[in-house]
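Per-entry structural report
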Amino acid sequence: MQTAVAFSTVSRHFGAVRAVDDVDLEIKEGEFFAMLGPSGSGKTTCLRLIAGFEQPTSGHIEIFGETAEGVPPYRRNVNTVFQDYALFPHLSVADNVAYGPMIRGVAKAERRKAADEALCLVQLPGYGDRRPGQLSGGQRQRVALARALINKPKVLLLDEPLGALDLKLREQMQEELKALQRSLAITFVFVTHDQGEALSMADRVAVFNDGKIMQVGAPEEIYRAPRSRFVANFVGSSNILPPELTERLAGNRSWASLRPEAIHIAAGEGQRATVTGYSYLGAATRLAVDMGGQRLTVLLPASSDVPAVGQQVFLTWQPSDLHLMEDEQ
Amino acid sequence: MSAASHAILPGRGGLFGSLSDVLWRNPRLMLFLMLTPPLLWLGVIYLGSLFALLAQSFFSIDEFSGLIKYEWTLKTYAELLRPANLDIIVRTVSMAVAVTLASAVIAFPIAYYAARYARGKWKALFYLGAMLPLWSSYLVKVYAWKLILAKEGILNWIFAKLHLTPVLEAWLAIPVIGGNSLSVSYTGTFLVFVYVWLPYMILPTQAALERVPESMLEASSDLGGSPVQTFRHVLLPLALPGIIAGSIFTFSLTLGDYIIPQIVGSSRLFIGQAVYAHQGTAGNIPLAAAFTVVPIVIMGFYLWMAKRQGAFDAL
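Note that the structure is a prediction, hence the values are computed from the model and not measured.

**Overview of the sheet that holds strand S18 (residues 323–324) of chain A**
Residues and elements named next belong to chain A. An order of S11-S12-S18 is seen for the 3 strands of this open sheet, with the pairing classed as antiparallel. What marks the edges here is a single partner per strand, and that holds for strand S11 (239–241) and S18. The strands touched by helix H10 (residues 243–250) are S11, strand S12 (256–258) and S18; relative to S11, the strand with the most contacts, the crossing angle is about 85°.

Now the structure itself:
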């Protein structure tokens, strides 16, 4: 499989700020790749480096084997779905979608036909004659998607495309985007700060912090085997155990991550702990417990009995769920 | 028991206390009270006098006695179409078109810089630079330009120092736009008009460009648009309402001005000067009024055309 995008030791500095700091990255062709991180972590700058809106301060970028430095955005066969959608308010929906073909000089009737097809693809048939201002947020998002996809880009970049949508719509769009990516077999690069979105949609996830990539891997790998405390905390929530405690529990002196749902309450055996609080989440119940001075979060399935606050419980987990991390002590 | 322990506080009392309660309950009354004085002013004083003037254009003047005949007639409008008067209209409209186009072309890069790049003190400097010419007396500026453009003026001196005097002379030798010196040519009038009205073009253009999000330009570039195509298909259409707003100023101000062409330029009349002359010394109020109708009709037509061309679609 070919490499779609390759970064080698790429940095992008804004004055003293290292927005992207010495990043190596390889995105494969046809992959759904997520860049996950808090705001200011450099993920959007990475996306803009691929689109060509930013030029690297140092390092080398290749898109499908060709050097990308110094190539302006309009000469890259890469399209972007912008966070604010950036639809042109003076053009109809069809003219927005047909903007790329219009620029390339495609005849009017032909590009209108292509725009109508692209609008069907994003399930907005018959919306061509409206104005962007008359559409809802979700519909605008679909138009932005159609406007990018009509150009059959080699790579589609999506900058927090679902950020402005409400929860129900977001879940629906997640599935649609995934299905669309499967059927079109275009490389998608997706920027998000929502770990749930990254885990559910992506083939691989890169977790960003402070302009660096902390970890790259399949969602299960990132979730089950976070390499650092940052990743363990940012991707899902986790109990971070200090080296002393890990040594006592597992024999290795290093930081460890223990997912709340991996902890079970057993009768009469395991680590002794006291329940200090709980919150009901619907599908599960979250317990706060105190295990010999270490506060832990435990996630119980909805069907299980919930111990009362102040009650003594015994905690168990599979030894393999206690994941050791590479952080320095 | 203190007042703070009540859920509902007692009325403030007094005239203003009860008045504010009444106004709060009747927002429409408040709006009515706020809008009536300015609307009265606009309606009666401004529009009223304008219509009184326009009504005059449908009267005519008795050619022997010089008295106004108060009978409805289109005779005065027919007089507008006499070659001498038509000349004045064509001259003024051409000048207004040229001034507006030049202002738009000069203002755009300045406004673009201010909207996209200038930050902090540079932005303040921009506003200062754009507004400063508006703060000093218009007459002083026009006379200053007369000195600059005069045969013994600084512009001629600069051309001489740069050994470019032949270029200037060749320009002045062109019929119509040339003349004895810049200060008595249409070129001079044009330069002064552009200088004086430029701020009115820069500010609305800048305001329109400021409202164009950066991502809009990036989107165009992303979709394959070269800088020229992005300008043509995105930036210009989105800035057009601002440019149109600015051109309304430059166009109508040029159409109505009677001082600049009198001080700088050939002695041939512009509409403003014609109005001034007819309502003053000539005492031909109907013809002066008819001349006033010309810019109003032209502006109305211009706005209608601009709307039809979709200039305001981005608003």
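Following the structure, the description resumes.
**Looking at the packing of helix H5 (residues 137–149) of chain A against helix H6 (residues 167–184) of chain A**
All names here are of chain A. Look at H5 against H6: their axes get within 12 Å of each other, and the N-to-C directions meet at 15°. The angle between the axes of H5 and H6 places the two elements in the roughly parallel class. Helix-helix and strand crossings are classified by hand; for H5 and H6 the assignment is right-handed. For the pair H5 and H6, the contacting residues are Gly 138, Gln 141, Arg 142, Leu 145 and Leu 149 in the first and Leu 169, Gln 172, Met 173, Glu 176, Leu 177, Leu 180 and Leu 184 in the second. Of the residues that constitute the contact of H5 with H6, the class distribution is 7 nonpolar, 3 polar and 2 charged.

**Remarks on the pairing of strand S4 (residues 58–63) of chain A**
Consecutive side chains along a regular strand alternate between the two faces of the sheet. All names here are of chain A. Of the strand pairs in this sheet, strand S1 (residues 3–14) and S4 are connected by 5 bridges, and their pairing is antiparallel. Across the sheet, Ala 6 pairs through a bridge with Glu 62, a residue of S4. In this sheet, strand S5 (residues 66–67) lies alongside S4 in antiparallel orientation, the contact comprising 2 bridges. Paired with Glu 62 across the strands is Thr 67, a residue of S5. Joining the antiparallel neighbours S4 and S5 is a turn of 2 residues, in which Phe 64 adopts a positive phi near 50°.

**Considerations on the environment of A:Pro56**
Residues and elements named next belong to chain A. Relative to the helices and strands, Pro 56 is located in the loop between helix H1 (43–51) and S4. Along the backbone, Pro 56 and Gly 70 are 14 residues apart, and their C-alpha atoms lie at a distance of 9.2 Å. If near-sequence neighbours (up to four positions away) are discounted, Pro 56 is found in contact with Val 10, Ser 11, Arg 12, Leu 49, Ile 61 and Glu 69.

**Regarding the domain arrangement of chain A**
Interface size, as often reported, equals the accessible area lost upon joining of the parts. Residues and elements named next belong to chain A. Structurally, chain A comprises domain 1 (3–233) and domain 2 (238–324). Once you take the C-alpha centre of each, domain 1 and domain 2 turn out to be 38 Å apart. Listed per partner, the contact involves 8 residues of domain 1 and 7 residues of domain 2. Summed over both sides, the interface of domain 1 with domain 2 buries roughly 730 Å², with 50% coming from carbon and sulfur. Three residues, Tyr 223, Arg 229 and Ala 232, lead the burial of domain 1 against domain 2; their summed loss comes to 65% of the area buried on that side. Taken together, domain 1 and domain 2 are joined by 0 salt bridges. Counting every contact that joins domain 1 to domain 2 gives 4 residue pairs in polar contact (both at pLDDT 80 or more). When residues of the side of domain 1 that touches domain 2 are traced back to their parent elements, those giving at least two are helix H8 (219–224) and helix H9 (229–234). Of the residues that constitute the side of domain 1 that touches domain 2, the class distribution is 5 nonpolar, 1 polar and 2 charged.

**A look at the interface of chain A and chain B**
Every contact between the two is made by 22 residues of chain A and, on the other side, 20 residues of chain B. In terms of surface lost to chain B, no three residues of chain A exceed A:Tyr74, A:His90 and A:Ile103, which account for 34% of the buried area on that side. Taken together, the links from chain A to chain B amount to 1 salt bridge. Applying the counting criterion to the chain A and chain B interface returns 8 residue pairs in polar contact (both at pLDDT 80 or more). Among the secondary structure elements, those contributing two or more residues to the side of chain A that touches chain B are H1, strand S6 (78–81) and helix H3 (99–103) of chain A. Here the element with the most residues in the side of chain A that touches chain B is H3(A); it accounts for 4 residues. Tallied by class, residues from the side of chain A that touches chain B come to 13 nonpolar, 5 polar and 4 charged.

**Some words on unusual backbone geometry**
Residue and element names in this part refer to chain A. The phi dihedral of Glu 160 falls on the positive side, at around 40°, and the residue is not glycine. Mapped onto the elements, Glu 160 comes out in the loop between strand S7 (155–159) and H6. For Asp 210, which is not glycine, the phi dihedral falls at a positive 55°. Its location among the elements puts Asp 210 in the loop between strand S9 (204–209) and strand S10 (212–217). Note on Asp 210: relative accessible area 60%, which makes it exposed.

**Details of the UniProt feature "transmembrane region" (unreviewed entry) in chain B**
Residue and element names in this part refer to chain B. UniProt records the feature "transmembrane region" (unreviewed entry) at residues 29–55, 88–113, 125–145, 184–203, 238–260 and 281–305, using the numbering of this structure. Structurally, residues 184–203 comprises 90% helix and 0% strand, and the distance from its first C-alpha atom to its last is 30 Å. End-to-end, the C-alpha atoms of residues 238–260 are 33 Å apart, and along that stretch the chain is 87% helix and 0% strand.

**Here we look at the nonpolar core**
Residues and elements named next belong to chain A. Judged by nonpolar contacts, the single largest core of 55 residues is most densely connected at Phe 7, Met 35, Ile 50 and Val 189. Beyond its immediate chain neighbours, meaning those up to four positions away, Phe 7 contacts Val 23, Asp 24, Leu 25, Cys 46, Leu 49, Ile 50, His 60 and Ile 61. Residues Val 97, Leu 124, Leu 135 and Met 173 belong to the second largest nonpolar core, which totals 32 residues.

**A look at the UniProt feature "domain: ABC transmembrane type-1" (unreviewed entry) in chain B**
When the UniProt feature table is mapped onto this chain, "domain: ABC transmembrane type-1" (unreviewed entry) is found at residues 89–303 of chain B. End C-alpha atoms of residues 89–303 of chain B are separated by 19 Å, and the span's content is 78% helix alongside 0% strand.

**As for helix H5 (residues 121–135) of chain B**
The periodicity of an α-helix, 3.6 residues per turn, causes residues three or four places apart in sequence to face the same way. Residue and element names in this part refer to chain B. Taking 1.5 Å of rise per residue, the 15 residues of H5 would be expected to cover 21 Å, and the 20 Å separating its terminal C-alpha atoms lies within 8% of that figure. Its maximal kink placed at Gly 129, H5 deviates by approximately 25°, while the proline Pro 133 follows within four residues. Burial in H5 covers these residues: Lys 123, Phe 126, Ala 130 and Pro 133. On its buried face, H5 sits against helix H4 (83–116), helix H6 (138–149) and helix H9 (186–210).

**Comments concerning the packing of aromatic side chains**
Scanning the model with the defined rule gives 23 aromatic pairs over all chains in all. Ring plane angle 50° and centroid distance 5.8 Å describe the contact between B:Phe58 and B:Trp72, whose orientation is recorded as tilted. Pair noted here: B:Phe58 is in the loop between helix H2 (27–56) and strand S1 (60–61) and B:Trp72 is in the loop between strand S2 (68–69) and helix H3 (75–80), with a separation of 14 residues, a long-range link. Among the residues examined, B:Phe58 registers a relative accessible area of 29% and is labelled partly exposed. Residue B:Trp72 is classed as exposed on the basis of its relative accessible area of 64%. The interplanar angle of 50° and the centroid separation of 5.5 Å between the aromatic rings of B:Phe59 and B:Trp72 together place this pair among those described as tilted. Residue B:Phe59 is located in the loop between H2 and S1, and its partner B:Trp72 is located in the loop between S2 and H3; the two are separated by 13 residues in the primary sequence. Cluster of aromatic residues (ring-pair linked, three or more members): B:Tyr138, B:Tyr186, B:Phe193, B:Trp197, B:Tyr200, B:Phe249 and B:Phe270. For A:Arg130, the ring lying beneath its charged end belongs to A:Tyr127, and the centroid distance is 4.3 Å. The positively charged end of A:Lys154 is found above the aromatic ring belonging to A:Phe64, 4.5 Å away from the centroid.

Analysis parameters
- Residues numbered from 1 in each chain as written.
- Chains lettered and ligands numbered in written order.
- Predicted model: local features only at pLDDT ≥ 70, side-chain atom pairs only at ≥ 80, totals over all residues.
- Heavy atoms only, no water.
- Pairing = 2+ DSSP bridges.
- Helix = DSSP H or I, 4+ residues; strand = E, 2+ residues; numbered from the N terminus.
- Contact = heavy atoms within 4.5 Å.
- Axes fitted to C-alpha atoms, helices over the stretch in contact; angles between N-to-C directions.
- Parallel < 35°, antiparallel > 145°, perpendicular 65-115°, else oblique.
- Left-handed = near helix turned anticlockwise from the far one by under 90°.
- Nonpolar A, V, L, I, M, F, W, Y, C, P; charged D, E, K, R; others polar.
- Domains from an automatic or database assignment.
- Buried area = accessible area lost by both parts, 1.4 Å probe.
- Salt bridge = Lys/Arg side-chain N within 4 Å of Asp/Glu carboxyl O.
- Polar contact = N/O pair within 3.5 Å; in protein donor to acceptor, adjacent residues only side chain to side chain.
- Buried < 20%, exposed > 50% of the residue type's maximum accessible area, 1.4 Å probe, protein only.
- UniProt positions renumbered as here; feature names shortened; annotations may be inferred.
- Core = buried A, V, L, I, M, F, W, Y, C linked by side-chain atoms within 4.5 Å.
- Expected span 1.5 Å × (residues − 1).
- Bend = angle between axes of the 7 residues up to and from the residue.
- Phe/Tyr/Trp six-rings, centres within 6.5 Å; stacked < 30°, edge-to-face > 60°.
- Lys NZ or Arg CZ within 6 Å of the ring centre and 35° of its normal.

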